[in-house]
Amino acid sequence: MQKNLVIVESPAKAKTIEKFLGKDFKVMSSFGHIRDLRKKDFGIEIENNFKPVYVVSPDKKKLVSELKSTAQKAEIIWLASDEDREGEAIAWHLSEVLNLKEDNTKRIVFHEITKEAIENAIKHPRNIDLNLVNAQQARRVLDRIVGFELSPVLWKKIKPALSAGRVQSVAVRLVVEREREIQQFNSESFYKLSLIFLVPNPDGSTAELKAEFPEKIAQKETALALLELLKTATFKVQDITTKPLRRSPAAPFTTSTLQQEAARKLRFSVAQTMRVAQSLYESGKITYMRTDSVHLSSLAINTAKAEITRLYGEDNVKIRQYQTKSKGAQEAHEAIRPAYMNVHSIDGPVPEKKLYELIWKRTIASQMADALLEKTTVTISHSNGNHLFTASGEVLSFEGFLKVYEYSDKENDSENSNSKLLPPVQLHQALNMDTAQAVQRFSQKPPRYTEATLVRKLEELGIGRPSTYAPTISTIQQREYIEKGNREGEERQYNLLELSKTRQISDKTKTEMSGVEKAKLFPTDIGMVVNDFLLESFPNIMDYQFTATVEKYFDQVAEGELEWVKLIDQFYKAFHPAVLEATAYSGQKVGSRLLGNDPKSGRPISVRIGRFGPLVQIGTAEDEEKPLFASLRKEQSMDSISLEEALALFKLPRELGSFEGKSLSIGNGRYGNYIRHGNQFVSLPEEFDPLEVSMDQAILLIKNKQEEDRKKIISSFEQDPELLVLNGRYGPYISKKGQNYKIPKKTDPATLSYEDCLELIEKQAGESTIKKGRKITRKSPPKNK
């Protein structure tokens, strides 16, 4: 009989824990949740106090049987899933499904997988916290109600296969509203005036001192007039002020701040950060990665202090205990930190190394002394007016935490670099101006969200919790409501007024790239239409304050202050009638926009969502003549397309002529622009305008595609034209009737005969049959949640 059975939710976690426990312990994994709400229907008995109907998923039945059998033989069962609400729910489901008895079932939690933490948890077990379980149930039930009741409304009003979620819809709203702010933004130009002075150094060399006019100059005429004044002016140092500055380190990482900093410094997506962090946690390298607490344990602080003293000296130590600002902080009770502060780096995959180093530096820096700086501001006056110019610089007098970690709250770390050093100047010293220039600048539109800044905004609004940020960001992209992408920007002109050394003013027009964006979040047309419909029909669901308030209610359930059934009942009584009202309204589908009338036929031209995405329509279904349709181009938007641009779409397909005895045309379809050559389709690269691409260009693209296809084919056989040996992305392979088969690594694919190919196909087909048979009798559990 096995004395102790420990059940965790992850096989990686199980492997790590096994190393710390003796032979009396057997560690098994549940591979995440073993059961969930029934999928085939609502999965909730509305009339029975919203009772959830849970079912064990088919691919977990074999695993559940094994867990149940092992549990029956064990003296003590230890449920060791994660310490947040999700983990508590997993432990409760295990207890329910495995029919565990309270007298020999113990719940243990730990926020780091170390020998000390595991042993301490076993010494201090507790019962399953039903308040935490109910908080998770409340979230799951409420989100199921929203999803199951809203989605059919979207199918009826917009298009089939759409879905809606409570937190996800609010996240989409944020991105949509930011996009419309940008569309409505009118940039205003102004001039920034700067002067370059040549200042002698003590060694006889000359240094540049750059001073700026602190005010924006609205008009070009004003900038020119000021430059005219400076032509004959003399300059002197009117004032020098020096004041000490102190910079303090940032708090240790929470889930949100880790996602934001990993995006800025490592260019990780939110989902990638959480995958890597989970791997680090499960291998015992860091503490639990889903937390909104900045607290550090006394053990962590003391070990950090010892490490700082050893590395940098005692004068670099400053012990701090940060306070969690988030009102709803409820997940893990410590910040994300290394399990062992004396381990500066780790072995393993590169992403894990980078993220671990970031966490180690941030944690160590949080317990280090402030950085001390001196900021000097030089004020310069001139003889021809009362305008003042300023030059600022900083000197780092004590590095403190900056020895280890430079924190930036900006997307571009380079923007946060220290100001330049100033050359030595004296009060009332006369200065020699070398040149001056007034550069036309433009007010900046609101920045689009990145994944990291969207997480920060959700956190600021109190929407979601550490466990929901990454799934929310991933879901809205998977549903194609939001897309992450780059924009190359556009070339724009700006004006440069320059006063030269010879005191001549030049007026030049320069060009620069504007609006370059990388890894930003853009709403799709379907995302904007869904957002507008939900905002009009379900304002509560889309309200930021309401969504944040629901999160607080979940917190109250977790604290035992509110019954979860009452919370759901209150929500449902307000929500369900709104769903019925929206469903009953028999108006036309939403999301269409009238652009004008077709100059040829006089029929209305509108833009709307079709089965395969946004399209332009000439005419209506009621017309005697059938409507005409054209898909929008990838770079076009339903919100901004004009009547002229819409009419241009009907110039496609565009016949170019004939090539190799087959017709050649340019078209636009569901997946973008293409060239059609007979029955062959070739994607048209983005740099080509489908309305302007020439016959010669199209032929060249077709020839290139034909050459690629020829290189792809290594061998073909007269005996069977559908049997081919091909070059693929991951190496050579055999293809037959749409099925692919591997070629052994040591085999030269060019030497394979028809018989050799058939032999390999037969062998692999047999292996596949055996594998399928195994799957019928034993299904492997899926990966961790």
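Keep in mind it's a predicted model, so treat the numbers as computed, not measured.

Colleague: What is the right way to look at empty space enclosed by the protein in this model?
Modeller: A probe as big as a water molecule, rolled over the atoms, marks out the empty space that is left. Evaluation of the coordinates by the stated rule reveals two cavities of 30 Å³ or more. Gln168, Ser169, Val172, Tyr481, Gly527, Val530, Asn531, Leu534 and Met542 together form the lining of the largest cavity. With four residues, the top contributor of residues to the lining of the largest cavity is helix α14 (residues 525-537). Within the lining of the largest cavity, the residues separate by chemical class into five nonpolar, four polar and no charged. Within this model, the second largest cavity holds a volume of roughly 30 Å³. Along its surface, the second largest cavity is lined by Val6, Ile17, Leu21, Ala80, Ile108, Phe110, Ile118 and Ile122. Looking at the lining of the second largest cavity, its residues break down into eight nonpolar, no polar and no charged.

Colleague: Whenever I open this one, unusual backbone geometry confuses me. Can you help?
Modeller: A negative phi holds for most residues other than glycine; trans holds for most peptide bonds. Here the amide bond leading from Leu652 into Pro653 is cis, since omega sits at 0 degrees, within 30 degrees of zero. Position of Pro653 among the secondary structure elements: in the loop between α18 (643-649) and β23 (654-659). Even without being a glycine, Asn99 presents a positive backbone phi close to 55 degrees. Looking at the element boundaries, Asn99 is found in the loop between α3 (85-97) and β8 (105-107). Owing to a relative accessible area of 56%, Asn99 belongs among the exposed residues under this scheme. Unusually for a residue other than glycine, His428 sits at a positive phi of about 70 degrees. Residue position: His428 is located in the loop between β13 (388-398) and β14 (430-442).

Colleague: Honestly, the sheet that holds strand β7 (residues 76-79) in this entry has me stumped. Any pointers?
Modeller: Strand pairs in the sheet, formed through backbone hydrogen bonds, run parallel or antiparallel to each other. Pairing is parallel in the open sheet, where four strands are placed in the order β2-β1-β7-β8. The outermost strands of the open sheet, each flanked by one partner alone, are β2 (25-29) and β8. Between one strand axis and the next, the sheet turns through 25 degrees on average, direction left out of account. In terms of strand pairing, β7 meets β8 through three bridges, oriented parallel. Bridge assignment links Ile77 to a residue of β8, and that residue is Thr105.

So, how was this worked out
Sequence order as written defines the numbering, with residues in each chain counted from 1. Per-residue local features of the predicted model are confined to residues with pLDDT of at least 70, and side-chain atom pairs are confined, for both listing and counting, to 80 or more; whole-chain, interface and lining totals are unaffected and use all residues. Hydrogens and water are ignored here; the side-chain numbers use all heavy atoms of the structure. A pocket here means an open set of points on a 1 Å grid, computed over the protein atoms alone, that has protein on both sides within 12 Å along at least five of seven lines. A cavity is instead a set of points where a 1.4 Å probe fits but cannot get out; residues with an atom within 4 Å of a point line either one. Grid points are joined across faces, edges and corners, and a volume is the space filled by probe spheres set on the points. A run of H or I in DSSP becomes a helix once it reaches four residues, and a run of E becomes a strand once it reaches two; helices and strands are each numbered from the N terminus. Polar here means any residue outside two lists: the nonpolar Ala, Val, Leu, Ile, Met, Phe, Trp, Tyr, Cys and Pro, and the charged Asp, Glu, Lys and Arg; Gly therefore counts as polar. For every residue, the accessible area (1.4 Å probe, protein chains only) is compared with the maximum for its type, and the residue is labelled buried under 20%, exposed over 50%, or partly exposed between those bounds. Two strands are counted as paired when DSSP detects at least two bridges linking them. For helices, the axis comes from a line fit to the C-alpha atoms of the stretch in contact; other axes are also lines fit to C-alpha atoms, and the angle between any two N-to-C directions lies between 0 and 180 degrees.

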